[in-house]
Amino acid sequence: MTVTDRRAGILGLVVREYVETAAPVGSRTIHEKYRVPASPATIRHEMQALEEEGLLRQPHTSAGRVPSDEGYRFFVSSLMGQVELDQTEKATIRHQFFQAPPELDEWVDLAAVLLSRSLGLLAIVAPPRAARLQVRHLELIALNDLLALLVVVMREARVLKQLVALESALDQPELSSLAQRLNERVSGMSASDLRGTADPDDPTESAVLQTLRRLLEEESAREVEARIEGWTGVLAQPEFQADYTRVLDIVSVVDRPGVERLVTAGARDVGGVSVLIGDENQATELRDCSVVVAPYGDGSGVSGFVGVIGPTRMRYAQGVASVRYLSGLLQEMMERVYG
């Protein structure tokens, strides 16, 4: 598709105006509001050419024009360019993250709240997950002579805790020594790897490893839920106020098991962030929506994602910049706290 510079400029202005007003855009608006150095008749001719190219459409006879899905795609891929949040906004977000408790669930919740508030869209943030849950390291903390607290840090930056009844009295130095020996053996192991690893002549070690394996099995069976925030913002969008069944379509997707696959399927990369527009979404319920999503994780199969869902008439530049920054910040926080 070949689009002249003038037509590309007019398309960009139509997208900008329609995103702000949710009303079809006429040639006179482009001429008068944006001071385009061309007559309304010339602009109207160029808009008609853009419609013939499939980049604009006219919802009603004699009405102005609105971007098509292909028009939004051209805007995102060719006109929007690389976008970043300004330094003040970045500093504000970082401050809020460093004020939050150093726990992954807290960061996921915070990211979802910040995204939904700043964009007025539905934010969905999934914590990282691996196909095989693996131990990063463990600690044993003495509570009394015969009771210890097992603390397990997972590769997914998740912390598991469980009480362990000890077969014999051990003080904290002895428990720390046991934890150090076990870490040398179990780091990187999954629940299935732990079978048969206990020393049968050491009942305390056996108790710790049995507890560890049970914790991993329970965590593997647990469905990790994405944090969803921002239904109020979605309901305020004119497109959804006119037809609430479209909101119910979104609800049916985000409440479905395996939402990560539905939201990210068919993703197209834009500077580290994927933007899915209209029919590019594989979930039919999202064919009237756009999704902006970016993964985060440790690069070895452990990944979550940060994303927003809204009408195709969304502020793509701000959405891409926000999702990119928050996914990178979540990854940074994981590395800082969990190593």
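By convention here, each chain's residues receive numbers from 1 onward along its written sequence. Reporting of local features is limited, given that this is a predicted model, to residues whose pLDDT is at least 70; pairs of side-chain atoms are given and counted only at 80 or more, and all residues count toward the totals for whole chains, interfaces and linings. With hydrogens and water excluded, all non-hydrogen atoms of the structure serve as input to the side-chain values.

Values of pLDDT, ranging from 0 to 100, describe the predictor's confidence in every residue of the model. Here the protein shows a mean pLDDT of 88. Residues at 70 or above account for 93%. Secondary structure is summarised from DSSP: a helix means a run of H or I of at least four residues, a strand means a run of E of at least two, and numbering begins at the N terminus for each. Per-element confidence in the protein is highest for strand E2 (residues 66–67), whose mean pLDDT is 96, and lowest for strand E8 (residues 269–270), whose mean pLDDT is 52.

Next up on the list: a nonpolar patch on the surface. Like charges within 9 Å and nonpolar side chains (Val, Leu, Ile, Met, Phe, Trp, Tyr) within 5 Å are joined into patches, using only residues over 30% in relative accessible area that form no salt bridge. In this description, accessible areas are obtained by the Shrake-Rupley approach with a 1.4 Å probe, and a residue is regarded as covered only by the protein chains that are shown. Salt bridges, as used here, are contacts in which a Lys or Arg side-chain nitrogen is within 4 Å of a carboxyl oxygen on Asp or Glu. Taken together, Ile141, Leu143 and Leu163 make up a surface patch of nonpolar side chains, about 250 Å² in accessible area. Relative to the helices and strands, leucine 143 is located in strand E4 (residues 135–144).

The pairing criterion for strands is at least two bridges between them, as found by DSSP. Across the sheet, three strands lie side by side as E4-E5-E6; this open sheet has antiparallel pairing. Where the open sheet ends on each side, the last strands, each with one partner, are E4 and strand E6 (159–165). Pairs of neighbouring strands in the sheet enclose a mean axial angle of 20 degrees, with direction left out of account. As paired elements, E4 and strand E5 (residues 147–154) share eight bridges and run antiparallel to each other. Opposite valine 135, over in E5, you have methionine 154 as the bridge partner. Along the sheet, helix H7 (residues 172–186) makes contact with E4 and E5, crossing E4 at roughly 165 degrees. A contact between two residues is defined here by any heavy atoms of the two lying within 4.5 Å. Only C-alpha atoms enter the line fits that serve as axes; for helices the fit covers just the stretch in contact. Angles between N-to-C directions range over 0 to 180 degrees. Lying on the sheet, helix H8 (residues 203–221) is in contact with E4, E5 and E6; it crosses E6 at an angle near 140 degrees.

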